[in-house]
Amino acid sequence: FKSYNWGFLGKSYYRIPAILNQGGKLWAFTDDRTNATGDIGTGKIKIIAKTSTDNGSKWSSSTTIANYSSNTEFDYAHGDAAVVCDRGNSNNMLMMCASGSIGYWDSKASAPIRVGKYISTDGGNNWTDKDVTKDIYGIWNSSTPNSITGLFFSSGRICQSAIIKKDSYYRLYAALCSNVGSLVVYSDDFGETWNALGGVNALPVPNGDEAKIEELPNGNVLISSRMSGGRYFNIFTYSDQNSAAGTWGSVVTASIGSTNATNGEILLVPAMAKDSNKPMYIALQSVPTGST
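Since the model is a prediction, treat every value here as computed from it, not as a measurement. (Residues numbered from 1 in each chain as written. Predicted model: local features only at pLDDT ≥ 70, side-chain atom pairs only at ≥ 80, totals over all residues. Heavy atoms only, no water.)

Chemist: So what exactly am I meant to see when it comes to the pattern of salt bridges here?
Modeler: Side chains that carry opposite charge are capable of pairing whenever their charged atoms lie near each other. Overall, the coordinates contain 13 salt bridges when judged by the stated rule. Note that Arg15 is salt-bridged to Asp39, the shortest N-O span being 3.8 Å. Note that Arg15 is positioned in strand 1 (residues 14-22) and Asp39 in the loop between strand 2 (25-36) and strand 3 (43-52), a separation of 24 residues in sequence. Two residues, Lys212 and Glu265, come together in a salt bridge whose shortest N-O distance is 3.8 Å. Separated by 53 residues along the polypeptide, Lys212 in strand 15 (residues 211-215) and Glu265 in the loop between strand 19 (252-254) and strand 20 (266-272) bring together distant segments of the chain. By relative accessible area, which is 6% here, Lys212 ends up buried. The partly exposed category is assigned to Glu265, whose relative accessible area is 25%. Bridged by salt links that share partners, the residues Arg15, Asp31, Arg33, Asp39 and Asp80 form one connected network. (Salt bridge = Lys/Arg side-chain N within 4 Å of Asp/Glu carboxyl O. Helix = DSSP H or I, 4+ residues; strand = E, 2+ residues; numbered from the N terminus. Buried < 20%, exposed > 50% of the residue type's maximum accessible area, 1.4 Å probe, protein only.)

Structure representation (structure tokens):
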């Protein structure tokens, strides 16, 4: 995707990438913000995608996944794609996104930034959209001490468990950026319904922002959240994986990178210790190093 001019300058541009591997076929998603000056709430934004079947050497032409319309509510704009391809059936793909005409910073309980869900059951050829704003905000009801007035799914990779499977699907995890910090939701039906991991009163990272999720080798859940000068980390430890019961630990801070902040990715990869030939895992975390 060619970026016309970097954002924040009032120019048209592409931004907020996400990528997934669908059985050897790469999908690259991005916001097309050519009719907006910033995030959701500043103009019409659509999500487009390209595919590659040769590991990225060549890419297809752009396809619109989530288009905008003159509707001033849900379909006014869509952006910040969070994506996953079902490990059990690669024809099933899910994209969650921020939607509507109200921006995150302008959200209030009576008029919040909206939440979109896009599902494909034929390998990405066709997508079905749904406004799930009430469903997602409804996870935290009026009796919850934490008042959720604005949230969106952090863009990039939705994590799917390789260990925990309920009925037909392996469990999904996604991080939400909200006005009360970074939250985590899970789904056992490939995004049809979502629940708060740790319960509705859980605050995995109270001062967090955009975040990413990774599954640890024992099935526990790691969150890595954006902060200036590093990352916030926390771990959810299961007491019962089947029922999703468990508790979050205490937040720790890693001072890495620069004074910048970004929605970096974390990825756990299998490795081998050279000195002992012992199998192990390495966590890779992307952080910005620039000064601006």
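Now, onward.
Chemist: What is the right way to read the packing of aromatic side chains from this model?
Modeler: Two aromatic rings are characterised by how far apart their centres lie and by the angle between their planes. Scanning all chains against the criterion turns up 9 aromatic pairs. Note on Trp27 and Trp127: the rings are 6.4 Å apart at their centroids and 75° apart in plane angle, and the pair reads as edge-to-face. Placement of Trp27 in strand 2 and of Trp127 in the loop between strand 7 (114-120) and strand 8 (128-131) is noted, with a sequence separation of 100 residues between them. With respect to class, Trp27 is no different from Trp127; both count as buried. Seen in terms of ring centroids, Phe153 and Trp194 are 5.4 Å apart; in terms of plane orientation they differ by 70°. Their pairing is edge-to-face. You can see Phe153 sitting in strand 9 (residues 151-153) and its partner Trp194 sitting in the loop between strand 13 (181-187) and strand 14 (195-196), a full 41 residues away along the chain. With respect to burial, Phe153 and Trp194 carry one shared label: buried. Chaining the aromatic ring pairs together yields one cluster made of Trp27, Phe29 and Trp127. Arg87 extends its terminal NZ or CZ atom over the ring of Tyr170, reaching a point 5.8 Å from the ring centre. (Phe/Tyr/Trp six-rings, centres within 6.5 Å; stacked < 30°, edge-to-face > 60°. Lys NZ or Arg CZ within 6 Å of the ring centre and 35° of its normal.)

Chemist: Explain the sheet that holds strand 4 (residues 63-66) here, please?
Modeler: Sheet strands line up and pair through hydrogen bonds in the backbone, either parallel or antiparallel. Here we have 4 strands laid out as an open sheet, ordered 1-2-3-4, and antiparallel in their pairing. Of all the strands in the sheet, the pair left with one neighbour each is strand 1 and strand 4. On average, each strand axis in the sheet is tilted by 30° relative to the strand beside it, whichever way the strands run. Bridge analysis of strand 2 against strand 3 gives 9 bridges, and the strand direction is antiparallel. In the sheet register, Thr30 faces strand 3, and the bridge partner there is Ile48. (Pairing = 2+ DSSP bridges. Axes fitted to C-alpha atoms, helices over the stretch in contact; angles between N-to-C directions.)

Chemist: How should I be thinking about the environment of Ala82 in this particular structure?
Modeler: Secondary-structure assignment places Ala82 in strand 5 (residues 78-85). Along the backbone, Ala82 and Ala18 are 64 residues apart, and their C-alpha atoms lie at a distance of 6.8 Å. Apart from the residues lying within four places of it in its own chain, the contact partners of Ala82 are Leu94, Met95, Met96, Phe153, Ser154, Ser155, Gly156 and Ile158. (Contact = heavy atoms within 4.5 Å.)

Chemist: Before we go on, may I ask you to explain a nonpolar patch on the surface in this structure?
Modeler: Nonpolar side chains collect at one region of the surface, where Leu267, Met280, Ile282 and Leu284 lie side by side and expose about 320 Å² of accessible area between them. Looking at the nonpolar patch element by element, the count peaks at 3 residues for strand 21 (residues 279-285). Mapped onto the elements, Leu284 comes out in strand 21. (Patch = residues over 30% accessible without salt bridge, like charges linked within 9 Å, V, L, I, M, F, W, Y side chains within 5 Å. Areas by Shrake-Rupley, 256 points an atom, 1.4 Å probe, with all protein chains shown as cover.)

Chemist: I tried to follow the environment of Asn67 on my own but got confused; where do I start?
Modeler: Mapped onto the secondary structure, Asn67 falls in the loop between strand 4 and strand 5. Contacts of Asn67, omitting those with residues within four sequence positions, involve Lys46, Asp75 and His78.

Chemist: Sorry, what's going on with the side chain of Ser178 here?
Modeler: Counting through the fold element by element, Ser178 comes out in strand 12 (residues 169-178). The exposure class of Ser178 is buried, given its relative accessible area of 4%. A distance of 3.1 Å separates the side chain of Ser178 from the backbone nitrogen of Val180, its partner in a polar contact. Not counting chain neighbours up to four residues away, the residues in contact with Ser178 comprise Tyr104, Ile148, Gly150, Leu151 and Leu183. (Polar contact = N/O pair within 3.5 Å; in protein donor to acceptor, adjacent residues only side chain to side chain.)

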